[in-house]
Amino acid sequence: QVQLVESGGGLVQPGGSLRLSCAASGAGFSSNAMGWYRQAPGKQRELVALVTRAYITRYTDAVKGRFTISSDFAKNTVSLQMNSLKSEDTAVYYCYADVTGVGAYWGQGTQVTVSS
């Protein structure tokens, strides 16, 4: 069984920064990709950023130039540095892992609120 545990959410003012971290644990697994999704109230869950095992990154247009994803596939960790935060970034952020031979796993979610 694979478990993903997120940390680092919270309340921040517009223009501020937060760093989200996620660690995946379990026995004998590897991930093809890890990333972050978010879901705002009344909206569908959307991809924020993804990194593959080949360290190819992908970002949704709304966060390009502001967010940076990083990962260590040997340790099964992924982080998201979020700068220049806007009110529209407010959402629950979910860690994601595409586990080899198994499929998608999700964290429990961490709230990010951008407000003055």
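Heads up: the structure comes first, above all this text.
On a predicted model such as this, the values are computed, not experimentally measured, just so you know.

A. Representation of the state of the cysteines within the structure. Counted under the stated rule, the structure contains one disulfide. A sulfur-sulfur distance of 2.0 Å marks the disulfide that ties Cys-22 to Cys-95. Note on the Cys-22 and Cys-95 pair: the S-S dihedral is about -85°, so by sign convention the disulfide is left-handed. Highlighted residues: Cys-22 in strand S3 (residues 18-25) and Cys-95 in strand S9 (residues 91-99), separated in sequence by 73 residues. Accessibility expressed as a relative area gives 0% for Cys-95, which makes it buried.

B. The nonpolar core, seen in detail. Among the nonpolar cores identified, the biggest contains 30 residues, and Trp-36, Leu-80, Met-82 and Tyr-93 are the most heavily contacted of them. Broken down by secondary-structure element, the contributors of at least two residues to this core are S3, strand S4 (31-39), strand S5 (46-52), strand S7 (67-72), strand S8 (77-82), S9 and strand S11 (110-114). Ranked by residues supplied to this core, first place goes to S9 with five residues. Discounting residues that sit within four places of it in the chain, Leu-80 has contacts with Leu-18, Arg-19, Leu-20, Trp-36, Val-48, Ala-49, Phe-67, Thr-68, Ile-69 and Tyr-93. In terms of nonpolar packing, the next biggest core, distinct from the first, is built from five residues, Ala-33, Leu-47, Leu-50 and Tyr-96 among them.

About the cut-offs
Residues numbered from 1 in each chain as written. Predicted model: local features only at pLDDT ≥ 70, side-chain atom pairs only at ≥ 80, totals over all residues. Heavy atoms only, no water. Disulfide = S-S within 2.5 Å. Helix = DSSP H or I, 4+ residues; strand = E, 2+ residues; numbered from the N terminus. Buried < 20%, exposed > 50% of the residue type's maximum accessible area, 1.4 Å probe, protein only. Core = buried A, V, L, I, M, F, W, Y, C linked by side-chain atoms within 4.5 Å. Contact = heavy atoms within 4.5 Å.

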